[in-house]
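Each chain is listed here by its residues.
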Amino acid sequence: MQRIQLERLLTYAQCPLRYWWRYRAHIEAPVITEELPRLALQQGLRHYYEGRAASLVDGCLAAWQAWADDWRCPPETPALIARYVRMRAQRHDEDLPVDELREAWRDVTIPSASDYDLPAALDDTVLAALRYVGPECDGQREVLLDWPFQISLTAGITVEGLASLVVLERDQVTVAEFHGYSPYCPSELFLSRHLSIVALANAESTGWGGEWYVVYRHMLTGFSASVFTTGDADRLLPVISATLRGIECGVFLPRMAATDRECLRCPYRELCTTPDGLDALDDLDATLVAASEEKKGS
Ligand code: SF4
């Protein structure tokens, strides 16, 4: 039985080289400005569904205000962020305090892979939070985040990971959600949706039963797709098997999925660009890397 982590699968689908940096070279991605909307949304969801915020917008606001403290911004910064978020939510977009925020954040040294700055990251966070239409909090249902699951596929492959969110009714899962945050990568969207179908197909056979369904939600655009039980996991096996083979063999499929726009927001961008500004992929000999991996394992 082969076991594969969903997170690894999605990273590989996003960009095989990103997979290599993260899981073969064991380099944790640095936090860059481009990552802040994702982090704020994840923290916001936690605040909201754990009952500490009245809405996802409020949850995200709390995350940004906490960062302002961590970054030792001037004391008026949290109120300034709240003003910005309130004005944006009420669509008073003309006099947003962007310059004041830029001034408050002038000593913050979080790197950016492009010229994406903190006001832009705050703006993307608020827009995504406003678009969010997730499960309502109510007393009859429990909403849990990062719910562990395991899926056995017929080809002897087990996919395991964390569903971003599940809804429980009387201890029964009725909805499982997978969230996507990648701004541009269409293949991630594709693969996540299909994995959702696999998850659902297998839910039938593992006895979870009932009427539950899976949602793939793209947090940045508000796009979501719901999938009801179909039981047709087999047609997805070629996609997963090809990805697994690529991972196992150390095969680089340069830019199979990543586009230039994806690179612009990638935390590993520095590693992919040589000092002369050329693309490191051009210098990379995949067969050498595969050989050194084999040597390590022997
Ligand atoms: S910079 Fe581009 S090629 Fe390099 S890991 Fe990131 S997405 Fe992949």
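For the structure itself, consult the block above.
This write-up is about the structure you can find in this document. Keep in mind that this is a model prediction, so the values were computed, not measured.

## Some details on the overall build of the protein chain
Turning to step 1, where the next piece is worked out: Looking only at helices and strands, the protein chain has 13 helices and 6 strands in total.
Turning to step 2, where the next piece is worked out: Taking as baseline every contact in the protein chain between residues at least 6 positions apart, the subset at least 24 positions apart corresponds to 65%.

## Description of the site of the ligand
Turning to step 1, where the next piece is worked out: Lining the immediate surroundings of the ligand are 11 residues, of which C15, R18, C263, C266 and C272 lie closest.
Turning to step 2, where the next piece is worked out: When residues of the shell around the ligand are traced back to their parent elements, those giving at least two are α2 (16–24), α10 (260–264) and α11 (269–272).
Turning to step 3, where the next piece is worked out: The dominant element in the shell around the ligand, judged by the number of residues it contributes, is α2, at 3 residues.
Turning to step 4, where the next piece is worked out: Here the shell around the ligand is composed, by residue class, of 8 nonpolar, no polar and 3 charged.

## Remarks on helix α7 (residues 118–131)
Turning to step 1, where the next piece is worked out: Across its 14 residues, α7 extends 20 Å between first and last C-alpha, which sits within 8% of the 20 Å expected from 1.5 Å per residue.
Turning to step 2, where the next piece is worked out: When α7 is considered as a whole, its buried residues turn out to be L118, A121, L122, T125, V126, A128 and A129. Projected down its long axis, α7 carries its buried residues within an arc of 165°, all on one side.

## Topic: the packing of helix α3 (residues 36–49) against helix α4 (residues 56–70)
Turning to step 1, where the next piece is worked out: Where α3 contacts α4, the two axes come as close as 7 Å, and the packing angle between them is 120°. When the interaxial angle is binned, α3 and α4 end up oblique. Crossing geometry of α3 relative to α4 is assigned as right-handed. In this structure, α3 contributes A40, L41, Q43, G44, L45, H47 and Y48 to the contact, and α4 contributes L56, G59, C60, A62, A63 and W64.
Turning to step 2, where the next piece is worked out: Residues that form the contact of α3 with α4 fall into these classes: 9 nonpolar, 4 polar and no charged.

## Here we look at the nonpolar core
Turning to step 1, where the next piece is worked out: In this structure, C60, W64 and A129 are the most contacted members of the largest nonpolar core, which totals 43 residues.
Turning to step 2, where the next piece is worked out: Secondary-structure elements contributing two or more residues to this core are α3, α4, α5 (77–89), α6 (98–104), α7, β3 (157–169), β4 (172–180) and β5 (213–218).
Turning to step 3, where the next piece is worked out: The greatest single-element share of this core, amounting to 9 residues, is contributed by α4.
Turning to step 4, where the next piece is worked out: Those residues within four positions of C60 in sequence are excluded, and the remaining contacts are A40, L41, G44, T125, V126 and A129.

## Side note on the environment of M219
Turning to step 1, where the next piece is worked out: Following the sequence through the fold, M219 ends up in the loop between β5 and β6 (224–227).
Turning to step 2, where the next piece is worked out: Placed 38 residues apart in sequence, M219 and Y181 show a C-alpha to C-alpha distance of 5.7 Å.
Turning to step 3, where the next piece is worked out: When neighbours within four sequence positions are excluded, M219 is seen to be in contact with L41, A128, H179, G180 and Y181.

## Digging into unusual backbone geometry
Turning to step 1, where the next piece is worked out: Of note, the phi angle at R72 is positive, near 55°, even though the residue is not glycine.
Turning to step 2, where the next piece is worked out: By the secondary structure assignment, R72 is in the loop between α4 and α5.
Turning to step 3, where the next piece is worked out: Looking at R72, the number of C-beta atoms within 10 Å reads 10, which means it is exposed.
Turning to step 4, where the next piece is worked out: The phi angle at R91 is positive, at roughly 60°, despite the residue not being glycine.
Turning to step 5, where the next piece is worked out: Topologically, R91 is positioned in the loop between α5 and α6.

## Some remarks on the pairing of β4
Turning to step 1, where the next piece is worked out: Of all 9 residues in β4, 7 are buried, a share of seventy percent or more.
Turning to step 2, where the next piece is worked out: Taken together, the 5 bridges between β3 and β4 define a ladder with antiparallel strand orientation. Bridge pairing in β4 links L168 to V173.
Turning to step 3, where the next piece is worked out: Counting the residues that bridge the hairpin from β3 to β4 gives 2 residues, and of these R170 lies at a positive phi of roughly 45°.

Rules of the game
Residues numbered from 1 in each chain as written. Predicted model: local features only at pLDDT ≥ 70, side-chain atom pairs only at ≥ 80, totals over all residues. Helix = DSSP H or I, 4+ residues; strand = E, 2+ residues; numbered from the N terminus. Contact = placed C-beta atoms within 7 Å. Near = placed C-beta within 6 Å. Nonpolar A, V, L, I, M, F, W, Y, C, P; charged D, E, K, R; others polar. Expected span 1.5 Å × (residues − 1). Buried ≥ 20, exposed ≤ 12 C-beta atoms within 10 Å, placed from the backbone. Arc of directions from axis to C-beta. Axes fitted to C-alpha atoms, helices over the stretch in contact; angles between N-to-C directions. Parallel < 35°, antiparallel > 145°, perpendicular 65-115°, else oblique. Left-handed = near helix turned anticlockwise from the far one by under 90°. Core = buried A, V, L, I, M, F, W, Y, C linked by C-beta atoms within 7 Å. Pairing = 2+ DSSP bridges.

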